[in-house]
Amino acid sequence: MTCSARLPVYTLVIAAFLPERRMFGVLSTRAAALLGLYALGFVAAVATAKALKSSILKSGRNQFLLEMPSYRWPTWQSLGLRLLDRSKIFLRRAGTVILLVTVALWILAHLPLQSGHAPAIADSLAGRAGRMIEPLIKPLGFNWKIGIGLITSLAARETIIGTLGAIYGMDPGSHSMNLQKAIQHDLTPGGALALLVFFAFAMQCISTIAVVRRETGGWKWPAFQFAYMGALAWMGAFLARAW
């Protein structure tokens, strides 16, 4: 299911590659693309649940009763408290996970020193990590820079935005470009679609893995979930790029 952490990735890539046009006078093309990604995640979740329920999690039919609460129009107070709560969560994440990942990336991008100077970004420890997984992601239209972003996004999905911003800012060939222009330089439209589909399916979230580990009491289900969603993301991205 699509979570809010994916939204920064969706909005950046959609804005960079999809022109803003009206569709049938109701939705814009960008809004339709965003809704389509939400629908894609929903369909995949339902299909996965149905497949698991009829196979390895097969069980008998049970009665399930759910009492629905009374629905009311939200008040300005409830909306304000909700916005305040979500803002605190974002600031907490931005001040911890995203900041730590950015600092770690900066350090790795300046090592190992060469004659007392920082190496080129491609020859740094961060660049080597990206190039190490590049053969795996190259069929999807991603290069080693996107690969670094995929690695850091395991800490939190939205960190890929800060990661790419830092990488392109340190690269002499792209430091003068804004982030959208830099991404357009490294991704084809097919590669951009593949990246969106990859993020729609992949389990790019260590905190989710930790929760599944705690709830299931072992590493079997988290490992299965990570592998299954990773394979689904790769295949979906590959088909999206080919299409």
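Just above, that's the structure.
Residues numbered from 1 in each chain as written. Predicted model: local features only at pLDDT ≥ 70, side-chain atom pairs only at ≥ 80, totals over all residues. Heavy atoms only, no water.

1. Observations regarding the environment of A233
- As for its placement among the helices and strands, A233 is situated in helix α10 (residues 220-242).
- On a C-alpha basis, the gap between A233 and V13 in space is 17 Å, while along the polypeptide they are 220 residues apart.
- Excluding residues within four positions of it along the chain, A233 makes contact with F198, F201 and A202. (Helix = DSSP H or I, 4+ residues; strand = E, 2+ residues; numbered from the N terminus. Contact = heavy atoms within 4.5 Å.)

2. Overview of helix α5 (residues 144-152)
- In terms of burial, α5 is a largely internal element, eight of the nine residues being buried.
- Within the span of α5, buried status applies to W144, K145, I146, G147, I148, G149, L150 and T152. (Buried < 20%, exposed > 50% of the residue type's maximum accessible area, 1.4 Å probe, protein only.)

3. Details of the packing of helix α1 (residues 7-17) against helix α7 (residues 179-186)
- Packing of α1 against α7 leaves a shortest axis separation of 9 Å and a crossing angle of 75°. By the criterion of interaxial angle, the relationship of α1 to α7 is roughly perpendicular. Here L12, A15, A16 and F17 of α1 lie close against α7, whose contacting residues are L179, Q180, I183 and Q184.
- A class-by-class count of the residues in the contact of α1 with α7 yields six nonpolar, two polar and no charged. (Axes fitted to C-alpha atoms, helices over the stretch in contact; angles between N-to-C directions. Parallel < 35°, antiparallel > 145°, perpendicular 65-115°, else oblique. Nonpolar A, V, L, I, M, F, W, Y, C, P; charged D, E, K, R; others polar.)

4. A look at the side chain of T29
- By the element assignment, T29 lies in helix α2 (residues 29-53).
- For T29, a relative accessible area of 16% gives the class buried.
- At 2.5 Å, the side chain of T29 and the backbone oxygen of P19 are in polar contact.
- Discounting chain neighbours no more than four positions away, the residues touching T29 are L18, P19, E20, R21 and M23. (Polar contact = N/O pair within 3.5 Å; in protein donor to acceptor, adjacent residues only side chain to side chain.)

5. Describing the side chain of S153
- Mapped onto the elements, S153 comes out in the loop between α5 and α6 (159-170).
- Only 2.6 Å separates the side chain of S153 from the side chain of Q204, close enough to count as a polar contact.
- Contacts of S153, omitting those with residues within four sequence positions, involve T159, I160, F199 and Q204.

6. Some words on the packing of α6 against α7
- Closest axis-to-axis distance for the α6/α7 pair is 10 Å, and the angle between their directions is 85°. One element, α6, and the other, α7, form an angle in the roughly perpendicular class. Seen from α6, the contacting residues are I161, L164, G165 and Y168; seen from α7, they are L179, A182, I183 and D186.
- Taken together, the residues that form the contact of α6 with α7 break down as six nonpolar, one polar and one charged.

7. Concerning the nonpolar core
- Judged by nonpolar contacts, the single largest core of 31 residues is most densely connected at Y10, F142, I146, L150, L195, F198 and F199.
- Listing elements by their share of this core, those giving two or more residues are α1, α2, α5, α6, α7, α8 (189-201) and α10.
- Not counting residues up to four positions away in its chain, the partners in contact with L150 are I137, F142, I160, L195, F198, F199 and Q204.
- Core analysis: the second largest hydrophobic core is formed by seven residues, L105, A109, W144 and I167 among them. (Core = buried A, V, L, I, M, F, W, Y, C linked by side-chain atoms within 4.5 Å.)

8. Description of helix α4 (residues 125-137)
- With 13 residues, α4 extends 18 Å from end C-alpha to end C-alpha; this agrees with the ideal 18 Å at 1.5 Å per step.
- Of all the positions in α4, only A126, G127, G130 and I137 are classed as buried. (Expected span 1.5 Å × (residues − 1).)

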